[in-house]
Amino acid sequence: MKQWWSRIISVVIALTMLLTQMSAAWAAEPLGVENSPLEEVIEGIILWKKAENGSAPEESFFNDAYLGQAGTTAGDWYPIGMGRFGYEEDYGAYLAMLKEKVQERYRKPEKLNRDKATEWHRISLAVLACGGDPTCFGVDEAGNPINLIADGVYNRGNTASLGRQGINGWIWGLIALDSMRYEIPEGAYYSRADILKQILQRQLPDGGFALTGSVADPDITAMALQALAPYYISDAVYSYRRGQQEVSRTVREVVDEALACLSVMQLENGGYASWGTENVESADQVLVALCSLGIDPLSDARFVKNGNTLLDAILSFRQPDGGFLHSRVYDADNPSSLPNQSNTMAGEQTVYALTALWRQQNGKNALYDFRPEGSADGLPPDDPRSVHADAGSQEDSSVLLYFAQSDRDAVDALPGLLTTENYVTVIKLLDKLEKSEDFEGKEHYTSVLNEAKEQIQAVQDEIDGINRDVLEKLYPFSKISLKDKKTVDSIVSRYERLSSYDQGKILRWDDVVKTKTQVDNLQRAVYIAIVLAGLALILALVAVRRLCNRAGSKKRAMEQLAEQYKDEDL
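Residues numbered from 1 in each chain as written. Predicted model: local features only at pLDDT ≥ 70, side-chain atom pairs only at ≥ 80, totals over all residues. Heavy atoms only, no water.

1. Description of unusual backbone geometry
Working step 1: Between Y475 and P476 the backbone carries a cis peptide bond, its omega angle lying at -5°.
Working step 2: Turning to its location among the elements, P476 is positioned in the loop between α17 (442-474) and α18 (485-496).
Working step 3: The phi dihedral of K111 falls on the positive side, at around 55°, and the residue is not glycine.
Working step 4: Within the secondary structure, K111 is located in the loop between α5 (91-105) and α6 (118-129).
Working step 5: Positive phi, close to 55°, is recorded for R181, a residue that is not glycine. (Helix = DSSP H or I, 4+ residues; strand = E, 2+ residues; numbered from the N terminus.)

2. Quick look at helix α8 (residues 167-178)
Working step 1: Taking 1.5 Å of rise per residue, 12 residues should cover 16 Å, and α8 covers 17 Å from first to last C-alpha, within 8% of that figure.
Working step 2: Counting buried positions over the 12 residues of α8 gives 12, a clear majority of the element.
Working step 3: Listed as buried for α8 are I167, N168, G169, W170, I171, W172, G173, L174, I175, A176, L177 and D178.
Working step 4: Along its buried surface, α8 packs onto α4 (73-85), α6, α7 (148-154), α9 (192-200) and α10 (218-228). (Expected span 1.5 Å × (residues − 1). Buried < 20%, exposed > 50% of the residue type's maximum accessible area, 1.4 Å probe, protein only. Contact = heavy atoms within 4.5 Å.)

3. Quick look at the state of the cysteines
Working step 1: This structure, assessed with the given rule, holds 0 disulfides.
Working step 2: Cysteine C130 is unpaired, with the sulfur of C136 as its nearest cysteine sulfur at 17 Å.
Working step 3: On the accessibility criterion, C130 (10% relative accessible area) is buried.
Working step 4: Between C291, a cysteine without a disulfide, and C261, which holds the nearest cysteine sulfur, the sulfur-to-sulfur distance is 19 Å. (Disulfide = S-S within 2.5 Å.)

4. Focus on the pairing of strand β2 (residues 245-250)
Working step 1: Strand direction decides the pairing type here: strand β1 (residues 237-242) and β2, joined by 6 bridges, are antiparallel. Paired with Y240 across the bridge in β2 is V247.
Working step 2: The turn joining β1 and β2, which pair antiparallel and follow one another in sequence, is formed by 2 residues; a positive phi near 70° is taken by G243. (Pairing = 2+ DSSP bridges.)

5. Remarks on the confidence of the model for the chain
Working step 1: Averaged over every residue, the pLDDT of the chain is 90; the share at 70 or more is 91%.
Working step 2: Note that pLDDT drops below 50 for residues 15-34; the model gives that stretch 11 contacts with residues more than four away or on any other chain. (pLDDT = per-residue confidence, 0-100.)

6. Considerations on the packing of aromatic side chains
To describe a pair of aromatic rings, you give the distance between the ring centres and the angle between the ring planes.
Working step 1: One pass over the full model with this rule turns up 18 aromatic pairs.
Working step 2: For the ring pair F62 and Y66, a centre distance of 6.0 Å and an interplane angle of 50° mean the geometry is tilted.
Working step 3: When its relative accessible area of 3% is taken as the criterion, F62 is described as buried.
Working step 4: Between W170 and Y190 the ring centres are 5.4 Å apart and the planes differ by 80°, which places this aromatic pair in the edge-to-face class. Note that W170 is positioned in helix α8 and Y190 in the loop between α8 and α9, a separation of 20 residues in sequence.
Working step 5: Classification of W170 as buried rests on a relative accessible area of 4%.
Working step 6: Counting every residue linked through ring pairs, the aromatic cluster contains F61, F62, Y66, Y78, Y91 and Y94.
Working step 7: It is R328 that lies over the ring of F317; its NZ or CZ is 4.1 Å from the centre. (Phe/Tyr/Trp six-rings, centres within 6.5 Å; stacked < 30°, edge-to-face > 60°. Lys NZ or Arg CZ within 6 Å of the ring centre and 35° of its normal.)

7. Quick look at the packing of α4 against helix α14 (residues 344-361)
Working step 1: Running from N to C, α4 and α14 cross one another at 25°; their axes reach a closest spacing of 9 Å. Taken as axis vectors, α4 and α14 run roughly parallel relative to one another. The two elements α4 and α14 meet at a crossing, and its hand is left-handed. Here T73, A74, W77, Y78, G81, M82, R84 and F85 of α4 lie close against α14, whose contacting residues are T344, G347, E348, V351, Y352, T355, W358 and R359.
Working step 2: Its residues assigned to classes, the contact of α4 with α14 comprises 8 nonpolar, 5 polar and 3 charged. (Axes fitted to C-alpha atoms, helices over the stretch in contact; angles between N-to-C directions. Parallel < 35°, antiparallel > 145°, perpendicular 65-115°, else oblique. Left-handed = near helix turned anticlockwise from the far one by under 90°. Nonpolar A, V, L, I, M, F, W, Y, C, P; charged D, E, K, R; others polar.)

Next comes the structure, spelled out in structure tokens:
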């Protein structure tokens with residue numbers, strides 16, 4: 001009996017030790033591709049972002065909250081990655097909002113941005129990823145078609161230098177230009193060679209590239225390679241000044257040096273550090289660069305360190321919720337990214353980086369090559385024989401839609417007093433209506449939606465006006481005086497007429513409330529001072545009158561006394 005118990009105890013102990021070792025191994029092992037294929041990892045990030053947006057897994061990624069970010073850095077990159085991955089979504093809704101935002105911004109003198117040409121480049125890629133045409137995307141104030149590629153790339157120099165924001169402008173300008181191998185017309189401000197040479201001449205002595213300084217940065221080096229990748233097979237020689245020296249080189253020579261630089265910079269765990277901090281985004285950018293060049297990042301010996309690949313490093317940042325960390329340590333240069341929470345920028349860059357690898361493994365075009373699959377001519381963009389796309393030459397792939405009864409009900413359900421909260425709904429319905437087949441009542445619904453759009457725009461103009469007046473008329477708040485009370489009261493009155501949703505769009509409202517209290521107190525102090533002064537005057541008058549009365553009484557008494565004794569003096 002004792003032997004049986006001894007055997008049972010031995011088995012239990014052995015099983016406990018085995019389970020402990022297995023648990024430790026599982027805990028140490030990252031959520032790798034062996035357990036999660038690329039598709040699963042990509043979809044996991046999308047589902048994580050959905051939850052962060054407030055959408056349920058079965059609902060659209062592009063809910064109203066997310067669509068409100070169309071045309072921004074925070075909004076455009078997820079659709080780019082998702083579209084290139086082929087994730088099924090309502091990209092038409094995002095295109096509709098994006099076009100509306102672009103048209104709005106084109107009414108301003110600086111259009112998309114005074115300094116950052118990359119606004120045109122990012123939006124162009126988002127338009128392409130969602131199935132649109134960036135060379136004919138909405139109309140400007142004069143009714144002319146908006147050509148994002150012309151305005152943001154080869155004719156950008158007519159308003160500001162393409163490189164006004166540094167090398168990023170040249171890099172992303174070339175990526176956008178070659179996304180469909182767009183033709184540059186005669187008379188354009190920049191040629192392809194102009195843009196290429198601007199990138200090439202910024203190569204550093206170590207072979208890499210950087211925004212500033214003389215030491216290569218992995219992110220910028222990788223982005224430069226993404227732009228230069230289509231020219232790797234070109235034999236064209238470019239002459240340009242590099243530092244104080246005039247050089248003549250092929251793109252291939254520059255790319256090979258940059259690859260060698262990136263290989264040296266790679267960490268022993270397969271990842272990369274930028275500005276002293278290891279992060280997933282740097283590894284993401286290198287992964288995109290290698291895939292753009294047709295290099296297998298999982299087997300090329302230059303990019304495998306101690307058996308660790310770029311993919312291993314990237315997946316080590318994966319979290320149980322499906323999202324990705326920016327860094328495993330606190331990054332002072334990116335304070336909103338916490339070392340224990342999934343991060344939206346880390347997620348978006350990892351989505352499109354893994355999509356680049358997925359596309360390579362499935363024999364598809366590179367991430368930023370938006371030409372139809374299988375249509376590549378095998379020539380670099382600077383080869384005269386290469387086929388280029390003209391502005392507006394993309395086929396309209398949109399289909400005639402049906403404006404369903406549910407859509408009509410949604411129009412009928414719009415409140416009488418609209419707010420900017422209804423903006424996304426109105427724009428989506430209007431875009432769908434414009435693309436729908438004719439039906440009885442279409443003209444009515446078009447009129448209702450256009451009126452709703454105008455009403456919402458008026459509300460937005462009022463919000464912008466209040467924010468502008470707060471900044472221009474009340475700032476700095478510390479210098480507010482009683483003479484500003486009329487302005488403060490007017491702003492407060494306008495604020496109170498807004499809906500609670502729209503009131504939330506007024507900037508620095510807490511400071512306005514404090515300012516209102518301050519001027520009200522100043523006015524109250526003036527009123528109190530006036531009242532006190534009036535009381536003091538009344539009291540003074542009373543006192544004077546009493547003194548006068550006393551003096552008069554005394555005089556009369558003296559006169560009476562004098563009258564009484566005047567005969568005695570005689």
